[in-house]
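Structural characterization, general
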Amino acid sequence: MTRFSPELLDGGADDVLPATREEAATASPNRFVLTMRRLFSNRGATVGLVTVLLLFAFAFLGPLVSPWAYDYIDYTALSSPPTGAHWFGTNNIGQDVFAQTARGMQKSLLIGLLVALFSTAIAGFLGAVAGYFGGWVDRVVMIFVDLLLVLPSFLIIAILSPRLKQFGWLILVALLALFGWMITARVVRSLTLSIKEREFIRAARYMGIGHFTIITRHILPNVASFLVIDATIAIGAAVLTESGLSYFGFGVQPPDVSLGTLIAQNQNVATTKPWLFFFAAGALIVFALASNLLGDGLRDALDPTSTAGRTGRRRRLRAGGRGRGGAAPVGRAAALSEDAPAAPGATVPTAATRPMGETR
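Quantities reported herein were computed from a predicted structural model and do not represent experimental measurements.

**Quick word on the overall build of the protein**
Helix and strand counts for the protein stand at 14 helices and zero strands. Each helix (α) and strand (β) of the protein, taken in turn from the N terminus, gives the series α-α-α-α-α-α-α-α-α-α-α-α-α-α. Summarising the internal contacts of the protein: among those between residues at least 6 apart in sequence, 72% fall at separations of at least 24. For the protein, the computed accessible surface area is about 20,200 Å², with 64% contributed by carbon and sulfur atoms.

So, in structure tokens, the structure goes:
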């Protein structure tokens, strides 16, 4: 039974204002909390994040829990399938596949992380400088970008990497980062062209703040969301590129291993001894998919126009406001009972006054 109240005729608003300071803080979370809420409300992004964390744990904790080193040879177990002693089996010369896959994953992830870090830093800085200064600075940077874009980067890395192998895998990181920042720099330049015309940038100039201080403290933080998304996707792309180079013998060199070298070494026995091939190939595929899912989720979570993560809060506030006697839709007045006491001056329809044919 619902009692009549004049508030029932006021209508309902979309949102209910919080009554206390604590409720206001809960209703308006900070940017980090809102981003996390949006990220975890996306199932694909959650799956991608959990998968990436598990793969990192496998890569860096796997060698610690494995009783075998990746280069140790067990002469009593040659080409052994997975057993209790060798969890992923052994290869043709008795090396533990679990330890080798963990080592290869570790090497590929390290290369991917460093490449994404350096290439994103170069792209963010040069793109912001070109967009902010304009003029001849913009022209020089864009000419350099266009020059690198037309060069066959994969072929150049394949030629230079074996000749510089005395520097180890770090030279591979440098080469991949050198050819992996140009498109991102173009996007950052475009974003900077619009940001530099805003009032707070003009105010910073009028206050005499240095140009590079404005770039580092005002422009780059405003494009940080794009850079985070790009770096997340760049990790997966760098891992795939490194694996491809290592597959053709231009990446990580023996006796070290990566996912690409493991796939190349065992591709001929993929059907007869699948444990030698599919663990490394599966780890590579799963990581590439997970990083793309995480990148898509971060793009939605960092988008200021996204409404993800707010709907549940709005519904809870609306329900809570009504429970405290807040406004309600007009349609609820139709549910009034004849037994409810009438408000002063209100006319309650009866059977005699109700129009003929009207049903309740």
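**A closer look at helix α11 (residues 224–247)**
The end-to-end C-alpha separation of α11 is 34 Å, in line with the 34 Å expected for 24 residues at 1.5 Å each. Just downstream of α11, Gly249 is the residue with a positive phi angle, here 90°.

**Some words on the side chain of Ser246**
Mapping Ser246 onto the fold places it in helix α11. You can call Ser246 buried: its relative accessible area is 4%. Once residues within four sequence positions are removed from consideration, Ser246 is found in contact with Gly251, Val252, Ser258, Gly260 and Thr261.

**Considerations on the packing of helix α4 (residues 97–133) against helix α7 (residues 170–178)**
Orientation of α4 relative to α7, taken along the N-to-C sense of each, is 40°, at an axis distance of 9 Å. In terms of axis orientation, α4 runs oblique to α7. For the pair α4 and α7, the sense of crossing is right-handed. Note on element contacts: α7 touches α4 through Leu172, Val173, Leu176 and Ala177, opposite Ile111, Leu114, Val115, Phe118 and Ser119.

**Brief notes about helix α8 (residues 182–195)**
The α-helix winds at 3.6 residues per turn, so residues separated by three or four positions along the chain end up facing the same way. Here α8 contains 14 residues, and its C-alpha end-to-end distance of 20 Å stays within 8% of the 20 Å for a straight helix at 1.5 Å per residue. Those residues of α8 lying buried are Met182, Thr184, Ala185, Val188, Thr192 and Ile195. Each buried residue of α8 lies within a common arc of 140° when the element is viewed along its axis, so the set occupies one face. Where α8 is buried, its residues meet α4, α5 (135–150), α7, α9 (199–206), α10 (211–222) and α11.

**Some remarks on the environment of Thr90**
On the secondary structure map, Thr90 appears in the loop between α3 (43–65) and α4. Ignoring anything within four residues of it in the chain, the contact list for Thr90 reads Ala77, Leu78, Ser79, Ser80, Gln95, Asp96, Val97, Trp275 and Leu276. A polar atom in the side chain of Thr90 sits 3.0 Å from the backbone oxygen of Ala77.

**Looking at the environment of Phe56**
Note that Phe56 resides in helix α3. In this structure, the C-alpha to C-alpha distance between Phe56 and Ala102, residues 46 residues apart in sequence, is 9.4 Å. Aside from chain neighbours lying at most four places away, what touches Phe56 is Leu61, Leu109, Leu113 and Phe287.

**Section: unusual backbone geometry**
Unlike most non-glycine residues, Ser79 shows phi in positive territory, near 55°. Within the element layout of this structure, Ser79 appears in the loop between α3 and α4.

**Things to note about the confidence of the model for the protein**
Residues of the protein with pLDDT of at least 70 account for 76%, and the chain-wide mean is 79. Per-residue pLDDT, averaged within each element of the protein, yields its smallest value for helix α1 (residues 21–27) (43) and its largest for α8 (93). Low pLDDT, under 50, characterises residues 1–28; the stretch is placed with 43 contacts to residues that sit more than four places away or in other chains. Residue range residues 321–360 is modelled with pLDDT below 50. Its contacts to residues more than four positions away, or to other chains, number 40 contacts.

**What about the pattern of salt bridges?**
Taken as a whole and judged by the stated rule, the model has seven salt bridges. Where Arg202 meets Glu197, a salt bridge forms, and the shortest distance between an N and an O atom there is 3.2 Å. Given the relative accessible area of 38%, Arg202 is considered partly exposed. Residue classification places Glu197 among the partly exposed residues on the basis of a relative accessible area of 41%.

**What to know about the packing of aromatic side chains**
Scanning all chains against the criterion turns up 13 aromatic pairs. A ring pair is formed by Phe58 and Phe98, whose centres lie 5.4 Å apart and whose planes are at 80°; its orientation type is edge-to-face. Residue Phe58 is found in helix α3, and its partner Phe98 is found in helix α4; the two are separated by 40 residues along the sequence. Their ring planes at 15° and their centres at 6.3 Å tell us that Phe125 and Phe212 sit as a pair that is stacked. Pair noted here: Phe125 is in helix α4 and Phe212 is in helix α10, with a separation of 87 residues, a long-range link. Judged by its relative accessible area of 48%, Phe212 is partly exposed. Within the aromatic cluster, the residues linked to one another by ring pairs are Phe58, Trp87, Phe88, Phe98 and Phe279.

How each quantity is defined
Residues numbered from 1 in each chain as written. Predicted model: local features only at pLDDT ≥ 70, side-chain atom pairs only at ≥ 80, totals over all residues. Heavy atoms only, no water. Helix = DSSP H or I, 4+ residues; strand = E, 2+ residues; numbered from the N terminus. Contact = heavy atoms within 4.5 Å. Areas by Shrake-Rupley, 256 points an atom, 1.4 Å probe, with all protein chains shown as cover. Expected span 1.5 Å × (residues − 1). Buried < 20%, exposed > 50% of the residue type's maximum accessible area, 1.4 Å probe, protein only. Axes fitted to C-alpha atoms, helices over the stretch in contact; angles between N-to-C directions. Parallel < 35°, antiparallel > 145°, perpendicular 65-115°, else oblique. Left-handed = near helix turned anticlockwise from the far one by under 90°. Arc of directions from axis to C-beta. Polar contact = N/O pair within 3.5 Å; in protein donor to acceptor, adjacent residues only side chain to side chain. pLDDT = per-residue confidence, 0-100. Salt bridge = Lys/Arg side-chain N within 4 Å of Asp/Glu carboxyl O. Phe/Tyr/Trp six-rings, centres within 6.5 Å; stacked < 30°, edge-to-face > 60°.

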